[in-house]
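Residue strings, one per chain:
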Amino acid sequence: MTQTSASLKRAARRSANLARQDKSKEMENRVKAFNRQQTVTNAGHVVVLMGGHSAEREISLLSGEAVLQSLIRSGVRASRLDVDDKIVEKLAALAPDFALNMLHGEGGEDGVIQGFLETVKIPYSGSGVLASALAMDKIRAKQIWLQMSLATPDYELLSDQTDWQDVAQRLGLCVVKPVSGGSSLGIAKASNASELLSAYEAALRVGARVMAESCIDGPEYTIGVLDGELLPSIELVARGELFDFEAKYLSETTQMICPADLDAQDAQELDALVISAYHALGCRGTARVDVMRDSKGCFQLLEVNTLPGMTEHSLIPRAAAELGIDFDELVLRILAENQGSSRE
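Residues numbered from 1 in each chain as written. Predicted model: local features only at pLDDT ≥ 70, side-chain atom pairs only at ≥ 80, totals over all residues. Heavy atoms only, no water.

**Some points on the overall build of the protein chain**
- When helices and strands are counted, the protein chain shows 13 helices and 13 strands.
- Partitioning the intrachain contacts of the protein chain with sequence separation of at least 6 by distance along the chain shows that 70% fall at a separation of at least 24.
- Summed over its atoms, the accessible surface of the protein chain is roughly 15,900 Å², and 49% of this surface lies on carbon and sulfur atoms. (Helix = DSSP H or I, 4+ residues; strand = E, 2+ residues; numbered from the N terminus. Contact = heavy atoms within 4.5 Å. Areas by Shrake-Rupley, 256 points an atom, 1.4 Å probe, with all protein chains shown as cover.)

**Considering the packing of aromatic side chains**
- Applying the stated rule across the entire model yields two aromatic pairs.
- Judged by centre distance (5.1 Å) and plane angle (45°), the rings of Trp-164 and Tyr-200 are tilted. Within this pair, whereas Trp-164 is found in helix α8 (residues 164–171), its partner Tyr-200 is found in helix α9 (residues 193–203), the two being separated by 36 residues in sequence. Here Trp-164 and Tyr-200 have matching classes, each one buried.
- Plain terms: the ring middles of Tyr-221 and Phe-299 are 5.9 Å apart, the flat faces sit at 75° to each other, and that makes the pair edge-to-face. Here Phe-299 lies in strand β13 (residues 299–305) and Tyr-221 lies in strand β8 (residues 220–226), a separation of 78 residues in the sequence. Here Tyr-221 matches Phe-299 in class, with each residue buried. (Phe/Tyr/Trp six-rings, centres within 6.5 Å; stacked < 30°, edge-to-face > 60°. Buried < 20%, exposed > 50% of the residue type's maximum accessible area, 1.4 Å probe, protein only.)

**Concerning the nonpolar core**
- Counting residues in hydrophobic clusters, the biggest one holds 32 residues, and the most contacted among them are Val-46, Val-67, Leu-71, Leu-100, Leu-330 and Leu-335.
- Breaking this core down by element, the ones donating at least two residues are α2 (36–43), β1 (45–51), α3 (57–74), β3 (98–101), β10 (234–237), α12 (315–322) and α13 (327–337).
- Examining the composition of this core, we find that six residues originate from one element, α13, more than from any other.
- Counting 24 residues, the second-largest nonpolar core is a separate cluster that includes Leu-270, Leu-281, Val-291 and Val-304. (Core = buried A, V, L, I, M, F, W, Y, C linked by side-chain atoms within 4.5 Å.)

**Some words on the packing of α3 against α13**
- For the pair α3 and α13, the least separation of the axes is 9 Å and the interaxial angle reads 95°. Classified by the angle between their axes, α3 and α13 sit roughly perpendicular to one another. In contact with Ala-66, Val-67, Ser-70, Leu-71, Arg-73 and Ser-74 of α3, α13 contributes Phe-327, Asp-328, Val-331, Leu-332 and Leu-335.
- The class makeup of the residues in the contact of α3 with α13 is seven nonpolar, two polar and two charged. (Axes fitted to C-alpha atoms, helices over the stretch in contact; angles between N-to-C directions. Parallel < 35°, antiparallel > 145°, perpendicular 65-115°, else oblique. Nonpolar A, V, L, I, M, F, W, Y, C, P; charged D, E, K, R; others polar.)

**Points about the sheet that holds strand β4 (residues 155–158)**
- Taking strand neighbours across the sheet as the criterion, the four strands line up as β4-β7-β5-β6 in an open arrangement whose pairing is antiparallel. The sheet is open, and its two borders are formed by β4 and β6 (188–190), each paired with just one other strand. Across the sheet, the axes of successive neighbouring strands diverge by a mean angle of 30°, strand direction being ignored.
- Where helix α7 (residues 138–147) meets the sheet, it contacts β4, β5 (174–178) and β7 (210–214), and its direction lies at approximately 150° from that of β4.
- α8 rests against β4, β5 and β7 of the sheet, and its axis sits at about 160° to β4. (Pairing = 2+ DSSP bridges.)

**Points about the sheet that holds strand β2 (residues 77–83)**
- With respect to topology, three strands assemble into an open sheet ordered β2-β1-β3, the strand pairing being parallel. Either end of the sheet is taken by a strand with one partner, and the two such strands are β2 and β3. Adjacent strand axes in the sheet meet at a mean angle of 30°, parallel and antiparallel pairs treated alike.
- Relative to β2, β1 runs parallel, the two being bridged by seven bridges.

This is the structure:
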């Protein structure tokens, strides 16, 4: 590499960094005023739901513990509840005023716990019963988006009766994954009938229903929603081929470019797609929308996560930090979303 070309690359990197800083400052100016003390005063007794029986139990425990300790640091009276078959008795003994839901996966973000909490009249964080169920079911979500002309990759619901050769020819290189589930568990790429069948059988160990989705060859983005406002976009650059469980929670080499390096027009297009997908499913509260960009430059919806992770590797805390919102304030803002106290 010549000295001139090296200097040009350094200048380009500096320019990109300055542009990202300008975007962050602009976004910081749009952050809603927030009264921490009012939220703490109004909180009452908060129970943090975590654990559960899903394949994402360990991540849920990490998220739940981080949130619990944050609430305690902020002065909120908070208790831990590891959800199991004795949840009725445990909730009755704790008698909380509010449930902050950090359950991930089956039973926690599919409308089940939401329906139970509504039955026992305990207010809770995040989306309601229907939106949670729709977002958890990637095929149902896609069907709604397609009806609303929101772009999402082509797909196929797989079963033991699937014509593997036909699906492989129609979708080409595809991603096989459970229809319901998160934390990128049970996902794999497949390029032919044999790989498709193997990936299907592996995914069945994580979820009862499995789908194949056309693989988008391009960058991946994620945008969080907090109190009805979009957080800065993040471009995800994983060392491997997929932003899978290891890349999401274990790897130290996964890059998160925040805000994503997009020009103003592309950023507006991405924002519009994300908020449309969020509202199409009837979501409320904090959520995260995952998107790919294809070779033609078009953004394609992957999924909405209505209960995003809150670990040190998680994406929502990273995006919030870009706006000057630290982890403790973020947790209080999530708490306040459903209490009507997030604005002064």
